[in-house]
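Commentary on secondary and tertiary structure
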Amino acid sequence: QVQLVESGGGLVQAGGSLRLSCAVSGRFVSINTMNWYRQAPGKQRDLVASITRGGTTRYTDSVEGRFTISRDNAKNTVYLQMNGLKPEDAAIYYCNADVKQTWTSTLNYWGQGTQVTVSS
């Protein structure tokens, strides 16, 4: 059973920083692309940032230059460093990953989410 466990959310003032972590555990061959999504109340879940196993990153326009996604393949962990936080960044942040469970099977998994609150 593969599990994704996020940590690092919390309350921060506008302009502040938070670092989210997501650790993947269980039995698998490797982890391909890892992603961070977020969902604010009453809104759809949107992709924030993604990183391939080789380290290629992509960001949604609204966080470009403020957020940095990174990963440690040895620790099966992905991070999201969030700087210059704005009230509109407040949401539940979800980790997502394409996990190669066998040499012929890749499945997509979600974490349980971590709350980020930004006070103005």
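To keep things clear, this report deals only with the structure shown in the data block. (Residues numbered from 1 in each chain as written. Predicted model: local features only at pLDDT ≥ 70, side-chain atom pairs only at ≥ 80, totals over all residues. Heavy atoms only, no water.)

A tally of regular secondary structure across the protein chain gives zero helices and 11 strands. For the protein chain, the α and β elements follow one another from N to C terminus as β-β-β-β-β-β-β-β-β-β-β. In summary, the protein chain has a C-alpha radius of gyration of 14 Å against a globular reference of 14 Å for 120 residues, a match within 12%. In terms of overall dimensions, the protein chain has C-alpha extents of about 50 × 25 × 25 Å along its principal axes. By residue count, 41% of the 120 residues in the protein chain fall in the buried class. Restricting the contact set of the protein chain to residue pairs at least 6 apart, pairs at least 24 apart contribute 53%. About 6400 Å² of surface is accessible on the protein chain, with carbon and sulfur atoms providing 46% of the total. (Helix = DSSP H or I, 4+ residues; strand = E, 2+ residues; numbered from the N terminus. Rg over C-alpha atoms; globule rule 2.2 N^0.38 Å. Buried < 20%, exposed > 50% of the residue type's maximum accessible area, 1.4 Å probe, protein only. Contact = heavy atoms within 4.5 Å. Areas by Shrake-Rupley, 256 points an atom, 1.4 Å probe, with all protein chains shown as cover.)

Here the focus is the environment of V5. Tracing the backbone through its elements, the reader meets V5 in strand β1 (residues 3-7). What makes V5 partly exposed here is its relative accessible area of 46%. In this structure, the C-alpha to C-alpha distance between V5 and S21, residues 16 residues apart in sequence, is 8.1 Å. Excluding residues within four positions of it along the chain, V5 makes contact with S21, C22, A23 and Q112.

This next bit is on the layout of surface pockets. One way to see where empty space is left: roll a probe the size of a water molecule over the atoms. There is about 210 Å³ of room inside the largest pocket. In terms of lining residues, the largest pocket is bounded by 13 residues, among which R38, A40, K43, E88 and D89 are the most central. Each residue belonging to the lining of the largest pocket can be placed in one class, and the counts come to three nonpolar, three polar and seven charged. (1 Å grid on protein atoms, 1.4 Å probe; cavity = no way out; pocket = protein on both sides within 12 Å on 5 of 7 lines; lining within 4 Å. Points joined across faces, edges and corners; volume = space filled by probe spheres on them. Nonpolar A, V, L, I, M, F, W, Y, C, P; charged D, E, K, R; others polar.)

Looking now at the state of the cysteines. Throughout the structure, instances matching the rule amount to one disulfide. Shown here is the disulfide that connects C22 with C95, its sulfur atoms set 2.1 Å apart. One quick way to see it: the torsion about the S-S bond of C22 and C95 is about -80°, and its sign makes the bridge left-handed. With C22 in strand β3 (residues 18-25) and C95 in strand β9 (residues 91-102), this residue pair connects regions lying 73 residues apart in the sequence. A relative accessible area of 0% places C22 in the buried class. (Disulfide = S-S within 2.5 Å.)

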